[in-house]
Amino acid sequence: MPTLIVLAALAVLLMITAQLWTEVLWFSHLSFEDVLWREWGTRAVLFVLGFVLMAVPVWLGLRLAYRSRPIYAPVTPEQQNLDRYRESVEPLRRLVMIGAPLVLGLFAGISATANWRAVLMWLNREPFGQTDPEFGMDIGFFVFTLPLMRTIVSFLMTVVLITAVASLVTHYLYGGIQIGGRPQRVTNAARIQLSIMAGVFVLLIAANYWLDRYSLLVGQNDRFAGASFADINANLPARTILAVIAVIIAVLFFVSAFRGSWLLPAAGVGVMIVSGVVVGGIYPAIVQRFQVTPNAVEAESPFIQRNIDATLVAYGLDDIETEPYDAVTETEAGQLRNDSESTASIRLLDPNIVSPTFRQLQQNRQYYDFAQTLAVDRYEIDGEKRDTVIAIRELNQEGLGSDQRTWVNDHTVYTHGFGAVAAYGNTVAADGQPAFFEYGIPSIGELGEYEERVYFGQSTPEYSIVGAPEGTSPWELDYPSDDAPQGQVNTTYDGDGGPSLGNFWNQLLYAIRMGSEQILFSDRVNADSQILYDRDPHERVQKVAPYLTLDARAYPAIVDMDGDESTPKDLVWIVDGYTTTNEYPYSARESLEDATTDALTDELGGVVVGPAPEEVNYIRNSVKAVVNAYDGEVTLYEWDPEDPILQTWKNVFPDHIQPISEISGDLMSHLRYPEDLFKVQRELLSRYHVTDAASFYSGGNFWNIPNDPTAGEGVPQPPYYLTLQMPGQESAEFSLTSSFIPGGQTDRNILTGFLAVDSETGNTPGEVREGYGQLRLLELPSDVTVPGPGQVQNTFNSNPTISTELNLLEQGGSQVLRGNLLTLPVGGGLLYVQPVYVQASAGTQYPLLQYVLVAFGEEIGFAPTLTEALDQVFGGDSGAEGGDADVVGETPDDQPATDEPGGTTEVDAAAQERLTRALQDANQALEDGQAALSEGNWVNYGQAQERLQEALEAASQAQAELDAAAAGTPPPPEDGATAPADEATTPAADSGG
């Protein structure tokens, strides 16, 4: 048995070591080991403090109570009953008096470790340089000091209370206190011990009351955050009075320890309870009921103004440019001439819809995949900055067959994705496919040479083992190639992406951690092996910067990290990091999860990554984090040097965050204003665009964020990245935009405001472009009715011409997908643009852009291109052109073909194009027939019916080809002909998109 116990203990110790030491290896590899040691060291100190502060007082209380027990307890019925308990407890007395404090100390120590961030922040705190409006104290007191003080007081109250209860029970059990019979008896030792503990406990209550005074400023009222009139004029003095009363009662308890009577302190406790009810409850309620409620606006206005001012500062809304926008709703020819730059940049490629198209045209093999929602960025192509939809071809092992899912394949062969795919955002190819300017494996296009292998990303295996001795034949699949032996090119990882597996000790620890004994026995684990894990960009950044809350999106970019044009570029992931708090005086609280939930994140219920509380009332985009997709290196760049919370954490980890001056020009050009921050700000601005306290109290001018008209009910419309020129801007800039509609219970969906933030960072190394981050809010006058997104979508859906055309497409075996409904302030009004995609309703499905919907005021355009649709709206000539004015020709035919499941063929693309054209012909024939019928021209009507029949037969043939291609069978022959055997069985080359 002892041997088994020792072996079991060693096994447990080894498992714990495997978890802890592998963490040390991971952090050390990234040169962030200070984070781990500082966190563990702080937790260890707090554990010891919590353990000692709980265990020692409890042990001391029990020991003193036992040692001071009366030697000869009076013989009373009560004591006779207790004798039986004493006899049963006595054999376990030593165990209880030592074990109970140890167990309580253990729990207290574990609880204390959770405060490691608060302790480090307090020890390294930086002043905010701003004071609160009531006490005139630096905001840092409320953010760093007050929460920790409240935690300490609460912890000490718990310690004293548990110690007092333990001491009281011991005194009673051993006769120090007798409550049965008359007179009641308490020994001097019991009275002294309990009186001192009661006095200390009441002193802590007094400290709690005193801290309550400051906590009023970070509280929440029914209508606004912060202290109200009743709080300042009733609750604040009440807390002061109650604190003084508690101090007096504590003194009475200390005196009673030596004067022999609890009468005065007991009476004092009664007075404190009554005072708490009257002074702390009834009096504030009277002030609220009879002084505030009848004069609410006048009484609360100064405090509401405090709330407004603090909220705007805390959320970075204090420098917003607000201006009235007298939007016109009438159209005329040439109206968009002055907004041609914005119009030409309108994004037609919806990153939330086209992922299946990227997948079909550029997936290449079934073990690659793209994210469901693609990223929007901008790249300089031929000297012109272009909005871009970009995706990373990541590894997806779920695409492998079950017979391929072996340990060797999963962890040593299929280890990485390969390359990026990018398309112009404002145009498409002639057949509606994305106009790719970076595509294929290896990459072909405009982005130059870069490291294409993606070992770190959002879709990676739990772990991969890479690397091999020099001269070893490569076994990692790099990319498929018809020109290579066995149809693929292999590689050996030569980066520095993970801890070494070059010794038995590390192999043993990782075998235990990963639950894979193969790590110990596989010949592919060698002296040059590395293990790659925790590969998601969010996960890596969160581990090395546990004080940051991260934006839900990590977006890819191909950048020159070091500014050396002679070396290949890097494929990186960019993650925005926030510093937050919930302790900013008077600032409104906002739930990050609720504010960041929209039509794109609704399925996830909102995404919050990091240590942010459930609600925050201060947020800054303080850090830009970059994760290299090849070697996993994490680089943190300081983005907001004025943020005191970030400066505090820089004091904790002085060498971990690089200054903004280290950002290369190319990387700078791909940074952007973060989505989650913008979502929180727009949520706050739906109320806090009202900066007058009296108007804010009435709430009559509050707004709502419109629901996404293309999604389910009650789901907010997401913000959109667009290149546009806002009124007051000198040129069109990359921006993040959103709109507002009336608030309250109304169902009117008219536009009340439009918000855009300048997201263009420039391309100067180490220097952010002037104007970046500038929020601009356009407020529409109440006497002008501009349709909101819901109204516009309803108009599109109910228009007879549009609905007929789209219904025909639906009936023809296709499915219509409506893209993001974009809003732009151009032409003196608001322009709405929505791309319309068509895909097969069954079989191989991938959406192709076929139409563009445009609305301005009451005018609607519906055409195959944006330029045509704009001209329809603006009198035949809008004065501007869309990016699709010169539609890119057929997609490049030099892209690599794919013959794997999940790819597509030229047959698919051509059939889809013929189907769309046939349905268009059918719709035109139907319209011509109706016109001829109304004129009584039976000849023209008959000709139209013949064309309609031919078009429907062509559509049926095209749909049959699509279904056959999806099923992997030869397409049906036309007109009864027999297809040649070689054409019927040989897959066509992929069009490549």
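Located above this text is the structure these notes cover.
On a predicted model such as this, the values are computed, not experimentally measured, just so you know.

Even after reading the chapter, I still don't get the pairing of strand 25 (residues 720-724), so can you show me in this structure?
The buried fraction of strand 25 is high, at five of five residues. Here strand 25 shows a buried face lined by Tyr720, Leu722 and Leu724 and a second buried face lined by Tyr721 and Thr723. Across five bridges, strand 25 lies against strand 26 (residues 733-742) in antiparallel orientation. In the strand pairing of strand 26, leucine 722 is matched with serine 735.

Would you explain unusual backbone geometry in this entry?
Glycine aside, a negative phi is what most residues show, and trans is what most peptide bonds show. A cis amide bond, omega -15 degrees, links isoleucine 441 with the succeeding residue proline 442. Along the chain, the position of proline 442 falls in the loop between strand 10 (434-439) and strand 11 (444-445). In this structure, serine 31 takes a positive phi of about 65 degrees despite not being glycine. Residue position: serine 31 is located in the loop between helix 1 (2-29) and helix 2 (33-67). Although it is not a glycine, aspartate 382 sits at a positive phi angle of roughly 55 degrees. Within the element layout of this structure, aspartate 382 appears in the loop between strand 5 (375-381) and strand 6 (384-392). By relative accessible area, which is 72% here, aspartate 382 ends up exposed.

What am I meant to see in the pairing of strand 9 (residues 420-428) here?
Burial of strand 9 is extensive: nine of the nine residues sit out of reach of the surface. With five bridges connecting them, strand 6 and strand 9 associate as antiparallel partners. What sits directly across from threonine 388, in strand 9, is tyrosine 424. Hairpin connection from strand 9 to strand 10: five residues lie between these consecutive antiparallel strands, with glycine 432 at a positive phi of about 90 degrees.

What exactly am I supposed to notice about the pattern of salt bridges here?
A side chain with one charge can pair with a side chain of the opposite charge if their charged atoms come near. Scanning all chains against the criterion turns up 27 salt bridges. Aspartate 212 is the partner of arginine 239 in a salt bridge, and the nearest nitrogen-oxygen pair spans 3.6 Å. Placement of arginine 239 in helix 8 (residues 229-259) and of aspartate 212 in helix 7 (residues 188-215) is noted, with a sequence separation of 27 residues between them. The same class applies to arginine 239 as to aspartate 212, namely buried. For arginine 620, the salt bridge goes to aspartate 640, with nearest N and O atoms at 3.9 Å. Taken together, the positions of arginine 620 in strand 21 (residues 618-628) and aspartate 640 in the loop between strand 22 (634-638) and helix 18 (644-652) put the pair 20 residues apart, joining distant regions of the chain. A residue is classified by how much of its surface remains accessible, and aspartate 640, at 17% relative accessible area, is buried.

Where do I start with the packing of aromatic side chains in this structure?
The description of an aromatic ring pair rests on the distance of the ring centres and on the angle between the ring planes. Overall, the coordinates contain 34 aromatic pairs when judged by the stated rule. When the ring of tyrosine 547 is compared with that of phenylalanine 653, the centres are 5.9 Å apart and the planes differ by 20 degrees; the resulting orientation is stacked. Of the two residues, tyrosine 547 sits in the loop between helix 16 (537-544) and strand 17 (549-559) while phenylalanine 653 sits in the loop between helix 18 and strand 23 (657-658), which places them 106 residues apart along the sequence. With relative accessibility at 2%, the residue phenylalanine 653 sits in the buried group. Among the aromatic residues, those joined into a cluster by ring pairs are Trp116, Tyr547, Trp649 and Phe653. Looking at arginine 289, its charged tip hangs above the ring of phenylalanine 290, at a distance of 5.9 Å from the centre. The ring of tryptophan 26 has lysine 543 lying over it, and the distance from NZ or CZ to the ring centre is 4.0 Å.

Where do I start with a negative patch on the surface in this structure?
Together, Glu593, Asp594, Glu614 and Glu615 make up a region of like negative charge exposed at the surface. Here glutamate 593 shows up in helix 17 (residues 592-595).

I tried to follow the nonpolar core on my own but got confused; where do I start?
Side chains of a nonpolar character, in soluble globular proteins, are inclined to be buried together. Membership of the largest hydrophobic core comes to 144 residues, with the highest contact counts inside it found for Ile519, Leu636 and Leu667. Excluding anything up to four places from it in sequence, isoleucine 519 contacts Trp407, Tyr463, Ile465, Leu501, Gln507, Tyr510, Ala511, Met514 and Val525. Among the nonpolar cores identified, the runner-up in size contains 68 residues, and Leu361, Phe370, Phe754 and Val873 belong to it.

Could you clarify how one ought to interpret the sheet that holds strand 17 in this entry?
Hydrogen bonds along the backbone pair up the strands of a sheet, which may run parallel or antiparallel. Taken in spatial order, the five strands of this open sheet run 17-18-21-22-23, and their pairing is mixed. Either end of the sheet is taken by a strand with one partner, and the two such strands are strand 17 and strand 23. On the sheet, helix 20 (residues 675-688) packs against strand 17, strand 18 (570-581) and strand 21 and is oriented at approximately 135 degrees with respect to strand 17.

How do you make sense of the sheet that holds strand 10 when you look at a structure like this?
Strand order in the open sheet formed by five strands is 5-6-9-10-11, with antiparallel pairing between adjacent strands. Both edges of this open sheet fall to strand 5 and strand 11, since each of them pairs with a single strand only. In the sheet, strand 10 pairs with strand 11 via two bridges, with the strands oriented antiparallel. Bridge pairing links tyrosine 439 to isoleucine 444 in strand 11.

Please clarify how the environment of phenylalanine 201 should be interpreted in this entry.
Structurally, phenylalanine 201 is set in helix 7. Taking the C-alpha atoms as reference, phenylalanine 201 lies 9.4 Å from valine 159; in sequence the two are 42 residues apart.

So what exactly am I meant to see when it comes to helix 6 (residues 139-173) here?
Residues spaced three or four apart along an α-helix face the same direction, because each turn holds 3.6 residues. Look at helix 6: 51 Å from first C-alpha to last across 35 residues, which is about the 51 Å you get at 1.5 Å a residue. The largest bend in helix 6 comes to about 40 degrees, at threonine 145, with the proline proline 147 one to four residues further on. Two or three places before glycine 140, at the start of helix 6, stands the capping residue aspartate 138, its side-chain oxygen 2.7 Å from that residue's backbone nitrogen. Where helix 6 ends, the next residue or the one after it, glycine 175, has phi of about 90 degrees, a positive value.

Would you take a moment to explain the packing of helix 1 against helix 14 (residues 504-514) for this structure?
The axes of two packed helices give the description: the angle between them and the distance between them. Across the interface, helix 1 lies against helix 14 with an axial gap of 9 Å and an inter-helix angle of 110 degrees. Compared by their axis directions, helix 1 and helix 14 come out roughly perpendicular. As helix 1 packs across helix 14, the resulting crossing turns out to be left-handed. Contacts from Leu14, Met15, Thr17, Ala18, Gln19, Trp21, Thr22, Glu23, Leu25 and Trp26 in helix 1 reach Trp505, Asn506, Leu508, Leu509, Tyr510, Ile512 and Arg513 in helix 14.

So what exactly am I meant to see when it comes to the side chain of serine 481 here?
With respect to the element layout, serine 481 can be found in the loop between strand 14 (476-480) and strand 15 (488-491). Sequence-distant contacts of serine 481, that is, excluding residues within four places in its chain, are made with Gly487, Gln488 and Val489.

The rules we used
The written sequence of each chain sets the order in which its residues are numbered from 1. Local features are withheld for residues below a pLDDT of 70 in this predicted model, meaning they are given only at 70 or higher, and side-chain atom pairs are given and counted only at 80 or more; totals for whole chains, interfaces and linings count all residues. Computation of side-chain values covers all heavy atoms of the structure but excludes hydrogens and water. Note on exposure labels: buried denotes an accessible area under 20% of the residue type's maximum, exposed denotes more than 50%, and partly exposed covers the range between, all computed with a 1.4 Å probe on protein chains only. A run of H or I in DSSP becomes a helix once it reaches four residues, and a run of E becomes a strand once it reaches two; helices and strands are each numbered from the N terminus. Each pair of strands is called paired provided DSSP finds at least two bridges between the two strands. In what follows, salt bridge is the name for a side-chain nitrogen of Lys or Arg lying within 4 Å of a carboxyl oxygen of Asp or Glu. Pairing of aromatic rings covers Phe, Tyr and the six-membered ring of Trp, with a centre-to-centre limit of 6.5 Å; geometry is then stacked below 30 degrees between planes, edge-to-face above 60, and tilted otherwise. We call a charge positioned over a ring when the NZ of a Lys or the CZ of an Arg lies within 6 Å of the ring centre and within 35 degrees of the ring normal. Patches in this entry comprise residues that are over 30% relatively accessible and not in a salt bridge; like charges within 9 Å are linked, as are nonpolar side chains (Val, Leu, Ile, Met, Phe, Trp, Tyr) within 5 Å. Methods summary: accessible areas were calculated by the Shrake-Rupley approach with a probe of 1.4 Å, and residue burial reflects only the protein chains presented. Note on charges: Lys and Arg go in the positive column, Asp and Glu in the negative column, and His and the chain ends are not counted at all. Throughout, a charge is located at the NZ atom of Lys, the CZ atom of Arg, the CG atom of Asp or the CD atom of Glu. Residue types Ala, Val, Leu, Ile, Met, Phe, Trp, Tyr and Cys, when buried and joined through side-chain atoms within 4.5 Å, form a set referred to as a nonpolar core. In this analysis, two residues are considered to be in contact whenever any of their non-hydrogen atoms come within 4.5 Å of each other. To obtain each axis, a line is fitted to C-alpha atoms, and for helices this fit is confined to the stretch in contact; angles are then taken between N-to-C directions over 0 to 180 degrees. By this rule the span expected of a helix is its residue count minus one, scaled by 1.5 Å. Note on bend: the value at a residue is the angle between axes fitted to the seven residues ending there and to the seven starting there. Polar contact criterion, stated in full: a pair of N or O atoms within 3.5 Å, where within protein one must be able to donate a hydrogen and the other to accept it, and residues adjacent in sequence count only if both atoms are side-chain atoms. Any angle from 65 to 115 degrees is called roughly perpendicular, while one under 35 is roughly parallel, one over 145 is roughly antiparallel, and all others are oblique. In a left-handed crossing the near helix is turned counterclockwise from the far helix by less than a right angle, and in a right-handed crossing that turn is clockwise.

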